[in-house]
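The residues making up each chain are set out below.
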Amino acid sequence: GLTSGERTVLREGGSDARYVASGHIVYAFDDGLFAVAFDAATLRVTSGPVSMLEGLSRAAIAASANYAVADDGTLFFLAARREASAPMSWVDRTGTVEVIEAIPPNEYSWPRLSPAGDRLLVLADGDAWIYDLASGRQSRLTDDGATSYPGWAPSGTDITYTLARGGAGLGDIRLHPAAATGRARPLT
């Protein structure tokens with residue numbers, strides 16, 4: 001718990017876990033995505049794992065799983081690449097896959113849905129990009145080729161990212177307006 005400092009292993013071998021509003025923990029294992037029912041009051045897993053999909057892409061950075069879950073339960077993921085550029089896709093709760101036609105295929109990684117679920121933040125060619133999911137309009141936020149770990153601020157008006165300086169994963173954390181106007185400001 002947060003106050004006791006006690007830790008409890010919920011599942012062995014999983015990574016990149018996220019708690020979703022349906023009362024489940026979604027996590028990656030190898031190239032698959034799984035879900036278990038979770039009781040937030042008792043902090044206990046209450047079901048066995050259910051396979052949600054196979055063929056999940058892993059980012060080159062720390063082998064993190066490339067997926068995000070919106071507040072309404074919509075799952076976004078990048079499929080493991082079988083070719084140089086792969087399309088982005090939505091998957092609904094029934095497993096139906098729909099390619100997002102408004103966004104061109106590319107070698108994307110680190111996808112993050114905006115808090116409102118209307119925009120997608122990704123890395124492509126070492127830079128952060130935002131795509132409007134309705135129109136496909138794109139905004140390039142960085143142009144240094146050394147951006148990593150982008151994420152949304154809770155307000156959805158800013159993003160954070162790490163700007164590499166020197167290798168070995170070292171970098172400065174930056175805050176940038178999501179509107180692609182203005183300048184990034186260092187946080188570290």
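Residues numbered from 1 in each chain as written. Predicted model: local features only at pLDDT ≥ 70, side-chain atom pairs only at ≥ 80, totals over all residues. Heavy atoms only, no water.

Here we take up the overall build of the protein. Along its length, the protein carries zero helices and 17 strands. Taken across its 188 residues, the protein has 40% of its residues classed as buried. In the protein, of all internal contacts separated by at least 6 residues, the share reaching a separation of at least 24 is 28%. Roughly 10500 Å² of accessible area belongs to the protein as shown, and the carbon and sulfur atoms make up 51% of that amount. (Helix = DSSP H or I, 4+ residues; strand = E, 2+ residues; numbered from the N terminus. Buried < 20%, exposed > 50% of the residue type's maximum accessible area, 1.4 Å probe, protein only. Contact = heavy atoms within 4.5 Å. Areas by Shrake-Rupley, 256 points an atom, 1.4 Å probe, with all protein chains shown as cover.)

Let's shift gears to the layout of surface pockets. Taken as a whole, the largest pocket spans an internal volume of roughly 330 Å³. Lining the largest pocket we find 17 residues, and of these Met52, Gly73, Leu75, Asp92 and Arg93 sit closest to its centre. At the level of elements, β2 (24–29) and β5 (50–54) are the ones that each hand at least two residues to the lining of the largest pocket. The leading source of residues in the lining of the largest pocket is β5, at three residues. The residue inventory of the lining of the largest pocket, partitioned by class, reads nine nonpolar, five polar and three charged. (1 Å grid on protein atoms, 1.4 Å probe; cavity = no way out; pocket = protein on both sides within 12 Å on 5 of 7 lines; lining within 4 Å. Points joined across faces, edges and corners; volume = space filled by probe spheres on them. Nonpolar A, V, L, I, M, F, W, Y, C, P; charged D, E, K, R; others polar.)

Of note in the backbone geometry, aspartate 30 takes a positive phi value of approximately 55° without being a glycine. Residue placement: aspartate 30 occurs in the loop between β2 and β3 (32–39). Owing to a relative accessible area of 56%, aspartate 30 belongs among the exposed residues under this scheme. Within the chain, aspartate 125 stands out as a residue other than glycine whose phi angle is a positive 55°. Judged by its relative accessible area of 65%, aspartate 125 is exposed.

Attention shifts here to the pairing of strand β12 (residues 127–132). Within β12, six of the six residues are buried, which leaves it mostly tucked inside the rest of the structure. The two faces of β12 match: Asp127, Trp129 and Tyr131 on one face and Ala128, Ile130 and Asp132 on the other face are all buried. Where strand β11 (residues 119–124) and β12 come together, six bridges link them in antiparallel fashion. In the sheet register, arginine 119 faces β12, and the bridge partner there is aspartate 132. Taking the residues that link successive antiparallel strands as the turn, the β11-β12 hairpin has two residues, and the phi of aspartate 125 there is positive, at about 55°. (Pairing = 2+ DSSP bridges.)

Before going further, it helps to spend a moment on the side chain of arginine 119. Following the sequence through the fold, arginine 119 ends up in strand β11. Of note is the side chain of arginine 119, whose polar atom sits 2.8 Å from the backbone oxygen of glycine 156. In contact with arginine 119, not counting residues within four places along its chain, are Arg112, Leu113, Ser114, Ile130, Tyr131, Asp132, Leu133, Trp152, Gly156 and Ala178. (Polar contact = N/O pair within 3.5 Å; in protein donor to acceptor, adjacent residues only side chain to side chain.)

The subject of this paragraph is the sheet that holds β11. Read from one edge of the open sheet, four strands run β10-β11-β12-β13, paired in antiparallel fashion. Both edges of this open sheet fall to β10 (108–113) and β13 (138–140), since each of them pairs with a single strand only. The sheet shows a mean angle of 25° between the axes of neighbouring strands, direction not considered. (Axes fitted to C-alpha atoms, helices over the stretch in contact; angles between N-to-C directions.)

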